[in-house]
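# A structural walkthrough
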Amino acid sequence: MATDLPKLSEPEIAARLTALGNSWQRDGKMIVKEFVFTGFTEATQLIAKLAPPANAMDHHPDVQLYKFKRVKILLWTHSRDGLTQNDFDLAAKIDALVK
């Protein structure tokens, strides 16, 4: 469970961002990525696809759908008020959904 995971240090966060291929960006206490699709249907399909892995991990991102084809995902561990390994694990799973 996320509450059992330690909050990551700044060097640990930097290393994990690099491991993700720098496709996720740091934004304060969270990591963020924006996906741009060809239309509304594709954008909403990503949201539907990310629900099962997020539920399985009991780790739920904030998701913004805007301009009908853009999805912005914000990850951080709310219970730790910062980033844990769960955030980076879920980010990798989300990236795999889009490939």
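Rules and cut-offs
- Numbering of residues starts from 1 in each chain and follows the order in which that chain's sequence is written.
- The predicted origin of the model limits local features to residues at a pLDDT of at least 70 and limits the giving and counting of side-chain atom pairs to 80 or more, whereas totals for whole chains, interfaces and linings rest on all residues.
- Excluded from the side-chain calculation are hydrogens and water; included are all heavy atoms of the structure.
- In this description a helix means any DSSP run of H or I spanning at least four residues, a strand means any run of E spanning at least two, and both kinds are numbered starting from the N terminus.
- What the globule rule says is 2.2 Å times the number of residues to the power 0.38, and the radius of gyration is computed from C-alpha atoms.
- Exposure classes here rest on a 1.4 Å probe applied to the protein chains alone. A residue is buried below 20% of its type maximum, exposed above 50%, and partly exposed in between.
- Contacts are assigned to residue pairs with any non-hydrogen atoms lying within 4.5 Å of each other.
- Per-residue and other accessible areas were derived by the Shrake-Rupley procedure at a 1.4 Å probe size, with only the shown protein chains allowed to occlude residues.
- Asp and Glu count as negative and Lys and Arg as positive, but His and the ends of the chain are not part of the count.
- Charged groups are reduced to one reference atom each: NZ for lysine, CZ for arginine, CG for aspartic acid, CD for glutamic acid.
- Aromatic contacts are taken between Phe, Tyr and Trp rings whose centres are within 6.5 Å, Trp giving its six-membered ring; a plane angle under 30 degrees counts as stacked, one over 60 as edge-to-face, and the others as tilted.
- At least two bridges found by DSSP between two strands is the condition for calling them paired.
- Multiplying 1.5 Å by the helix residue count minus one yields the expected span of that helix.
- An axis is simply a line fitted to the C-alpha atoms; with a helix, the fit covers only the stretch in contact. Between two such axes, the angle follows the N-to-C directions and lies from 0 to 180 degrees.

Along the backbone of the chain there are 3 helices and 4 strands. Across the chain, helices and strands are ordered from the amino to the carboxyl terminus as α-β-β-α-β-β-α. Its C-alpha radius of gyration of 13 Å places the chain within 12% of the 13 Å reference for a compact globule of 99 residues. Principal-axis analysis of the C-alpha atoms gives the chain an extent of 40 × 25 × 20 Å. A burial count over the chain gives 37% of its 99 residues as buried. A sequence separation of at least 24 residues applies to 66% of the contacts in the chain between residues at least 6 apart. Carbon together with sulfur atoms contributes 55% to the accessible area of the chain, which is approximately 5,500 Å² in total. Mean positive and mean negative side-chain charge positions of the chain (13 and 12 charges, respectively) differ by 6 Å.

Glancing now at the packing of aromatic side chains. Evaluation of the coordinates by the stated rule reveals 1 aromatic pair. The interplanar angle of 20° and the centroid separation of 6.3 Å between the aromatic rings of phenylalanine 35 and phenylalanine 37 together place this pair among those described as stacked. On the accessibility criterion, phenylalanine 37 (18% relative accessible area) is buried.

Of all 7 residues that make up strand S2 (residues 30-36), 5 are buried, and the element is covered over most of its length. Counting the residues between successive antiparallel strands, the hairpin from strand S1 (residues 25-27) to S2 contains 2 residues, one of them, glycine 28, with a positive phi of roughly 65°. Pairing of S2 with strand S4 (residues 70-75), which is carried by 6 bridges, proceeds in the antiparallel orientation. Directly across from glutamate 34, in S4, lies its bridge partner lysine 72.

Next up on the list: helix H3 (residues 85-98). With 14 residues, H3 should reach 20 Å at 1.5 Å per residue; the first-to-last C-alpha distance of 21 Å fits that figure. Restricting attention to buried positions, one finds in H3 the residues Asn86, Asp87, Phe88, Leu90, Ala91, Ile94 and Asp95. As for H3, its buried residues are in contact with helix H1 (10-19), S2, helix H2 (40-57) and S4.

Right, let's talk about the sheet that holds S2 for a bit. Judged by pairing direction, the sheet is antiparallel, and its 4 strands sit side by side in the order S1-S2-S4-S3 without closing on themselves. Sheet topology places S1 and strand S3 (62-66) at the edges, where each strand pairs with a single neighbour. Sheet twist, expressed as the mean angle between neighbouring strand axes with direction ignored, is 30°. Looking at chain direction, S3 and S4 are connected through 5 bridges and run antiparallel. Residue pairing in the sheet places glutamine 64 in a bridge with lysine 72 of S4. The sheet contacts of H2 involve S2, S3 and S4, and relative to S3 the element is tilted by about 170°. Along the sheet, H3 makes contact with S2 and S4, crossing S2 at roughly 5°.

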